[in-house]
Amino acid sequence: MKISNKQKIKMLEEMLKIRIFEERIQELYVQGQIRGSMHLSTGQEAIPVGCCMNLEPEDYVISSHRGHGHILAKGGEYKYMLAELYGKTTGYCKGKGGSMHIACSDIGVLGANGIVGGGICIAAGIGFASKYLKNNKVTIAFFGEGATNTGAFHEGVNFAAVRNSNVVFVIENNQYAISVPRELSDKLMDLSIRAQSYGIPGVTVDGNDILKVYGEVNKAVKRARNGKGPSLVEFKTYRRHGHHAGEPNDGLLYRSKKEMEGWKKKDPIKRLQKELLDKKIIDKKTITMINEKLNIDFENAIKFAEESPLPEKEALFEDVYIKENLK
Amino acid sequence: MREITFREALNESLRYNLKNDNKVFCWGEDIGVLGGAFGVTAGLYKEFGPERIIDVPISEIAIVGAGIGASMGGLKPVIEIMYIDFTPGCMDMIINQMAKIHYMFGGQVNVPLVLRVVSGAMGYNAAQHSQSFYSFFVHTPGLIVVLPTTPYDAKGLLNTSIRSQNPIIFIENKRTVNIRGEVPEEYYTIPFGKADVKREGSDVTIVATQALVYDALNIADKVQKENISVEVIDPMTVKPLDKETIIESVKKTGRLIIADEGWIYCGLASEISAIVAEEAIDYLDAPIIRVAAPDTPCAFSLPLEDAYIPGEEEIRSALKKVI
């Protein structure tokens, strides 16, 4: 599939947007500036960017507990994301969700999810609604390989298949379910083979090659948009950090330095950067400028988050129910 | 006024809403050609077709989860889990998703989903098809829990539930599904959080739900001859609960019995008991008595099922204790 140089530069910018966000979050976390469970997606940036570049603004994304990248790739802004992580009223969810429950309905992000596999059935239903309403919208559901062993995965993918929902199910196979490696979770080489159980297309792709990610999801999104039903796409990648920001030893308790270094060499950003530099699509100076701009944006976001108010205690009682008069 | 059954009243509400709003659809196990395990959706498949009256795989997680998603995607799902006993398998969807999405996303996303389930013991269905554990849902912030009793209540409360933007757990009861009652032909709603005084009285308040409302009314008739005047209050929605009506009644009668088919420990009866103890203990002339299912599973054999289901006999002995 033909991908323009402009699109490739955009891919690099979007991946860097996620990388800088995640790495700065790790710093802030270690410094004690932010708290709570935060799951970083460093090293996995090609997947959300390659996927979301195939979506229209009105399309939907259902995210996982490791969701910062999905939200940023769908158009999320540093400042509202960071304000949410600071627990401030200016955050996307008014400080009620935090990292594991960020949503922004304006850009079609209908929610991250703190329960592994929790979003799969929901995505099947959103895709059903799009099919029912004939609005041609597509939903991408992101989840990790760990989620494919839940009952919700089986039920949700099968349900979507039976109802021909407008969904693309994306497995971000980062090799570890917290500390548990693949070989203790399933006996499969490729998880996409599970698509056969549901009678839908399934494919496994190198998740650190953004051009391949983009191309493969392009087909799946077209299929969903044309009402032909869901697909299952597995992307093989690697979780660079520990399970969560600030994890002691940052993942080294259950995996080797050698393994981690090996995956670092397959870094999706370095890979695209090299290609763009080699083909003279971009120069080093421009890359530096992109990085600088993102860092300035992040500094501004910190300022915005720090200056924003914390919620009043009364806010605990708001939004439990929608107030309505049903006489 | 014409009389129809509880089941027919629900069917009428569904038919009206399906006719008047294309975004309303139903899915559940065997709700299509079969018309549902209790006949609530009878005839709807023929009238509205398989695109809107949808038979689904035996996948409770997906039934509720995709129902949540469909409601987030702009539809008005009125979905069915055949027995309340099957909801533990999809509790994550109900407790962690359905109840919390609006809240944890800071009010950005609504889940206007109606989940219908059937509860109660009847007909020798034993431990896994006889339960009434809706207090699990009442315990959970974010859900509205509706317990209609009469056919009139059923139609009005289902109409309200379908109109609401909040997530609703709509509990039907096996013992009342074929009971007849007066139901207007026209559309009407019944507000949430408003109890119905099913019978006025001055000596004892019985707060009862669903089948136990009928049991309480029967007992009230019988003890009238003994000059005992019983007030029967039906909360109808247990979340939100109309505390005021209950407390006002207790202030008048000074005696309270709560009759509910949930298990006695940590059940609805316990909660109402605690509320009254906290807010109106000075008005009580006798201990509060809970009439509820015992702390056992429901058993199959006839005498054991009888012993499990709370009813007139248990209410009668509770009355003896408080008078």
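Please read all numbers here as calculations on a predicted model, not as lab measurements.

Structural notes on the interface of chain B and chain A
Here is step 1: In this assembly, 40 residues from chain B lie in contact with 37 residues from chain A.
Here is step 2: Sorting the residues of the side of chain B that touches chain A by element identifies helix 3 (60-72), helix 4 (91-98), helix 5 (101-104) and helix 7 (151-163) of chain B as the ones contributing at least two each.
Here is step 3: Top contributing element to the side of chain B that touches chain A by residue count: helix 3 of chain B, with nine residues.
Here is step 4: Looking at the side of chain B that touches chain A, its residues break down into 19 nonpolar, 19 polar and two charged.

Here we look at helix 5 (residues 120-133) of chain A
All names here are of chain A.
Here is step 1: Across its 14 residues, helix 5 extends 20 Å between first and last C-alpha, which sits within 8% of the 20 Å expected from 1.5 Å per residue.
Here is step 2: For helix 5, the buried fraction is high: 13 of the 14 residues fall into the buried class.
Here is step 3: Once helix 5 finishes, K134 follows within two positions and takes phi at roughly 50°, a positive value.

Looking at the environment of E200 of chain B
Residue and element names in this part refer to chain B.
Here is step 1: Tracing the chain through its elements places E200 in the loop between strand 9 (196-199) and strand 10 (204-208).
Here is step 2: Of the residues examined, E200 has 13 C-beta atoms within 10 Å and is grouped as partly exposed.
Here is step 3: A sequence separation of 84 residues divides E200 from L284, and the C-alpha atoms of the two residues are 18 Å apart.

Structural notes on the nonpolar core
Here is step 1: Counting residues in hydrophobic clusters, the biggest one holds 200 residues, and the most contacted among them are I120, V168 and V170 of chain A together with V145 and I257 of chain B.
Here is step 2: Ignoring sequence-local partners within four residues, the contact set of I120 of chain A consists of A141, F143, A147, A152, F153, G156, V157 and F169 of chain A.

Description of the packing of helix 9 (residues 243-253) of chain B against helix 10 (residues 268-280) of chain B
Residues and elements named next belong to chain B.
Here is step 1: Relative orientation of the contacting elements helix 9 and helix 10 amounts to 60°, with a least axis distance of 11 Å. For the element pair helix 9 / helix 10, the angle class is oblique. Crossing of helix 9 against helix 10: the hand is right-handed. The residues of helix 10 that touch helix 9, namely those facing K243, I246, I247, V250 and K251, are I272, I275, V276, E279 and A280.

Notes on the sheet that holds strand 10 of chain B
Residue and element names in this part refer to chain B.
Here is step 1: Judged by pairing direction, the sheet is mixed, and its five strands sit side by side in the order 9-11-10-13-14 without closing on themselves. Strands with a single pairing partner mark the edges of an open sheet, and in this sheet they are strand 9 and strand 14 (289-293). Adjacent strand axes in the sheet meet at a mean angle of 25° when their direction is disregarded.
Here is step 2: With four bridges joining them, strand 10 and strand 11 (residues 230-234) adopt parallel strand pairing. In the sheet register, T205 faces strand 11, and the bridge partner there is E231.

Regarding unusual backbone geometry
Here is step 1: With an omega of 0°, the peptide bond running from K239 of chain B to P240 of chain B counts as cis.
Here is step 2: Mapped onto the secondary structure, P240 of chain B falls in the loop between strand 12 (237-239) and helix 9.
Here is step 3: Positive phi outside glycine occurs at D319 of chain A, with the angle close to 70°.
Here is step 4: Mapped onto the elements, D319 of chain A comes out in the segment after helix 10 (284-307).

Analysis parameters
Residues numbered from 1 in each chain as written. Chains lettered and ligands numbered in written order. Predicted model: local features only at pLDDT ≥ 70, side-chain atom pairs only at ≥ 80, totals over all residues. Contact = placed C-beta atoms within 7 Å. Helix = DSSP H or I, 4+ residues; strand = E, 2+ residues; numbered from the N terminus. Nonpolar A, V, L, I, M, F, W, Y, C, P; charged D, E, K, R; others polar. Expected span 1.5 Å × (residues − 1). Buried ≥ 20, exposed ≤ 12 C-beta atoms within 10 Å, placed from the backbone. Core = buried A, V, L, I, M, F, W, Y, C linked by C-beta atoms within 7 Å. Axes fitted to C-alpha atoms, helices over the stretch in contact; angles between N-to-C directions. Parallel < 35°, antiparallel > 145°, perpendicular 65-115°, else oblique. Left-handed = near helix turned anticlockwise from the far one by under 90°. Pairing = 2+ DSSP bridges.

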